[in-house]
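Inside the fold
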Amino acid sequence: AEDEVALFEKDMKEFWIQFKISYGTEQNNQTSGLRDLCKETIEALTEKWSKKLKEEDLLIDKIKEYDNEILQQTKYIAEKEAQLAEIKLQLSQEEEQQQNLTDRIQELKEELMKKMERKSSKNKAAKEKVEKVSKITALFKEHLGLEMRRIHDEQLQFIFRHIDHKDPDKPYVCTLSLNEQGDYEVTSCTPPLDCIAELQLKLRETNNLSAFVANIRKSFTALSYK
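Quick caveat: nothing in here was measured; it's all calculated off a predicted structure.

Before going further, it helps to spend a moment on the overall build of the protein. Along its length, the protein carries 3 helices and 4 strands. Relative to its full complement of 226 residues, the protein shows a buried share of 17%. Considering only intrachain contacts with a sequence separation of at least 6, the fraction spanning at least 24 residues in the protein is 34%. For the protein, the accessible surface area stands at approximately 18,400 Å², while carbon and sulfur atoms represent 55% of it.

The description of two aromatic rings rests on the distance between their centres and on the angle between their planes. Using the criterion set out here, one finds 2 aromatic pairs in the structure. Centroid distance Phe160 to Phe220: 5.7 Å. Interplanar angle 65 degrees. Geometry classified as edge-to-face. Linking Phe160 in strand S2 (residues 155-160) with Phe220 in helix H3 (residues 209-224), this pair joins segments that are 60 residues apart in sequence. With respect to class, Phe160 is no different from Phe220; both count as buried.

Moving on, we come to the pattern of salt bridges. In the structure shown here, the tally under the stated rule is 3 salt bridges. Note that Glu111 is salt-bridged to Lys115, the shortest N-O span being 3.6 Å. One end of the pair is Glu111 and the other is Lys115, both in helix H1 (residues 2-144) and 4 residues apart, which spans about a single turn. With relative accessibility at 45%, the residue Lys115 sits in the partly exposed group. The residue Glu147 makes a salt bridge to Arg149 at a minimum N-O spacing of 2.9 Å. Taking the relative accessible area as the measure of exposure, Glu147 reaches 23% and is therefore partly exposed.

Within the secondary structure, Gln157 sits in strand S2. By relative accessible area, Gln157 is classed as buried at 17%.

Below, the discussion takes up the sheet that holds strand S3 (residues 172-178). Strand order in this open sheet of 4 strands is S1-S2-S3-S4, and the pairing throughout is antiparallel. Here the strands that pair on one side only, and so sit at the sheet edges, are strand S1 (146-151) and strand S4 (184-190). Strand-to-strand, the axes of this sheet are offset by a mean angle of 20 degrees, without reference to chain direction. In the packing of helix H2 (residues 196-206) onto the sheet, the strands contacted are S3 and S4, and the crossing angle to S4 comes to about 150 degrees. Docked against the sheet, H3 engages S1, S2, S3 and S4, running at close to 150 degrees with respect to S3.

Conventions we followed
Residues numbered from 1 in each chain as written. Predicted model: local features only at pLDDT ≥ 70, side-chain atom pairs only at ≥ 80, totals over all residues. Heavy atoms only, no water. Helix = DSSP H or I, 4+ residues; strand = E, 2+ residues; numbered from the N terminus. Buried < 20%, exposed > 50% of the residue type's maximum accessible area, 1.4 Å probe, protein only. Contact = heavy atoms within 4.5 Å. Areas by Shrake-Rupley, 256 points an atom, 1.4 Å probe, with all protein chains shown as cover. Phe/Tyr/Trp six-rings, centres within 6.5 Å; stacked < 30°, edge-to-face > 60°. Salt bridge = Lys/Arg side-chain N within 4 Å of Asp/Glu carboxyl O. Pairing = 2+ DSSP bridges. Axes fitted to C-alpha atoms, helices over the stretch in contact; angles between N-to-C directions.

Given below as structure tokens:
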């Protein structure tokens, strides 16, 4: 019986040893398998995340590129807007200058029309005065020995004769014209008379040409006796 018990104990010890050996080997195999699986998983995850990180880097670079393009486009648009504003300002200034020029041309036209009207009025007045003088020419020539001539620059020349009793044909000459204001002006007097300025002033005040001619003749006659 003791031998059987000892043999049983021996068999149990060997079983236990084999069991532990078998269990330990299996544990080692499982650990190795887990380690390989973990390694593979880590490698797969590393590759996956590495790929994702690369994609994100590419995406970030693309976003930066887009941001740069947007910045360049914004800068380009700002430059064009500034150029457009400058062009609009120039156009506005040119339009203002054009309007000012148009207004100035209109002013000049109106001023010219007024000058032409004044000139026409002066010419009409001068024509009327010349016609008035022409009407009395015959009378003066017949009764006073007076001859009237229209000479250059629209001047009117009075030639008196029968003044000097010693030389009845000797001419005494006085020349009149109309100045820019439409007034009579003595341009020459031969022989000269000291009172010519006074007679001219009186002619302008009265506009009486007949009286002026008569007074000139009297003054020439008085001079002939000196």
